[in-house]
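# A structural walkthrough
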Amino acid sequence: MTTQASSLLDWSPEAVVFDCDGTLMNTERHWQDARMRALRAFGLRPSPGFAERAKGVHYTDCGRLMAEEAHKPELTDDLTQALLANFLELVAGDPATMPGAAEFVRSLSGRLPLAVASNCPLEVVEECLSRARLRRHFRHIVVPSGMPPDTPGTDPAAGTPGIVRPKPWPDVYATAARLCGARPQDTLAVEDSLTGVESARRAGLRVLGVGPRPSEADAERADLWVPALHSPLLRAWVRDRVPRPAGPAPRVGNQRGPEEPG
């Protein structure tokens, strides 16, 4: 075990922020299928390595990427709309969680604030978590909003007040930590994509990587990388480093979440 990994397992966070696609929900395959459907609908084929380049990318950026790599920039809007429509259709029929995800979330719930930081549209995240019976465990869901990151007149480093840019910008993780009442350095991000790891790192969070281990250089960008969230290392960490609350767990609202209307 590396010193970096040992340090994380000896540490107690004040909040945990999860990615959704590929971390909580087994939806990355739906995005892959949706991209293929969108490309086929316009008689296009993905270029080599496209699936890896598209992983974790906001769907509007993915639509633009598909159009650029196909040398069809005029199809950007059509491909983006087709991508989202195909994904919504696929995920509605099969909202499965990733191995160990539900157990890990429930083991943390009530012990410290939990949030989700995703590049997906809000309605997609809400629907997926609700169908998986996980929505009530999360106090906040943060997704990109407002103008794209290359809008003229914006400061690309500092961002714009009221605007939340997609990963790999740090905004979604920085916002989630703030809403949880925790400093970034006291917050743990749980991520499966290198795009998300970069976002969390730029926001100042510590990072737990999950899923197939990337190259050694990429894996070292996270504090610890585990193959799945049912790792015995994580079970022991929750038991030893995430204390149970002294009193009853705080009420976080009904199945739809505290910030939604009843």
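Residues numbered from 1 in each chain as written. Predicted model: local features only at pLDDT ≥ 70, side-chain atom pairs only at ≥ 80, totals over all residues. Heavy atoms only, no water.

## Let's talk about helix H11 (residues 232-241)
Since the α-helix turns once every 3.6 residues, residues separated by three or four places project in the same direction. Along H11, the residues classified as buried are Leu234, Trp237 and Val238. Looking down the long axis of H11, one finds its buried residues gathered within 95° of arc, a one-sided arrangement. Of the exposed residues in H11, those oriented more than 90 degrees away from the buried face are Pro232, Arg239 and Asp240. (Buried < 20%, exposed > 50% of the residue type's maximum accessible area, 1.4 Å probe, protein only. Helix = DSSP H or I, 4+ residues; strand = E, 2+ residues; numbered from the N terminus. Arc of directions from axis to C-beta.)

## Focus on the side chain of His137
Here His137 lies in the loop between helix H7 (122-131) and strand S3 (140-142). Look at His137 and you get buried, because its relative accessible area is 7%. Among all residues touching His137, those that are not within four sequence positions of it are Val105, Arg106, Ser109 and Leu114. (Contact = heavy atoms within 4.5 Å.)

## As for H7
Of all the residues in H7, the buried ones are Val124, Val125, Glu126, Cys128 and Leu129. Positive backbone phi, at 60°, marks Arg133, one or two positions downstream of H7.

## Section: the pattern of salt bridges
Inspection of the entire model under this criterion finds 19 salt bridges. As a salt-bridge pair, Asp61 and Arg64 come within 2.2 Å of each other at their nearest N and O atoms. Here the residue Asp61 and the residue Arg64 both occupy positions in helix H4 (residues 59-69), the gap between them amounting to 3 residues, near one helical turn. One salt bridge in this structure joins Arg235 and Glu103, with 3.2 Å as the shortest N-O distance. With Arg235 in helix H11 and Glu103 in helix H6 (residues 101-108), this residue pair connects regions lying 132 residues apart in the sequence. Judged by relative accessible area, which is 41%, Glu103 ranks as partly exposed. What emerges from the salt-bridge pattern is a single network uniting Asp19, Lys167 and Glu191. (Salt bridge = Lys/Arg side-chain N within 4 Å of Asp/Glu carboxyl O.)

So far we have only geometry, and geometry alone does not tell us how the molecule works.
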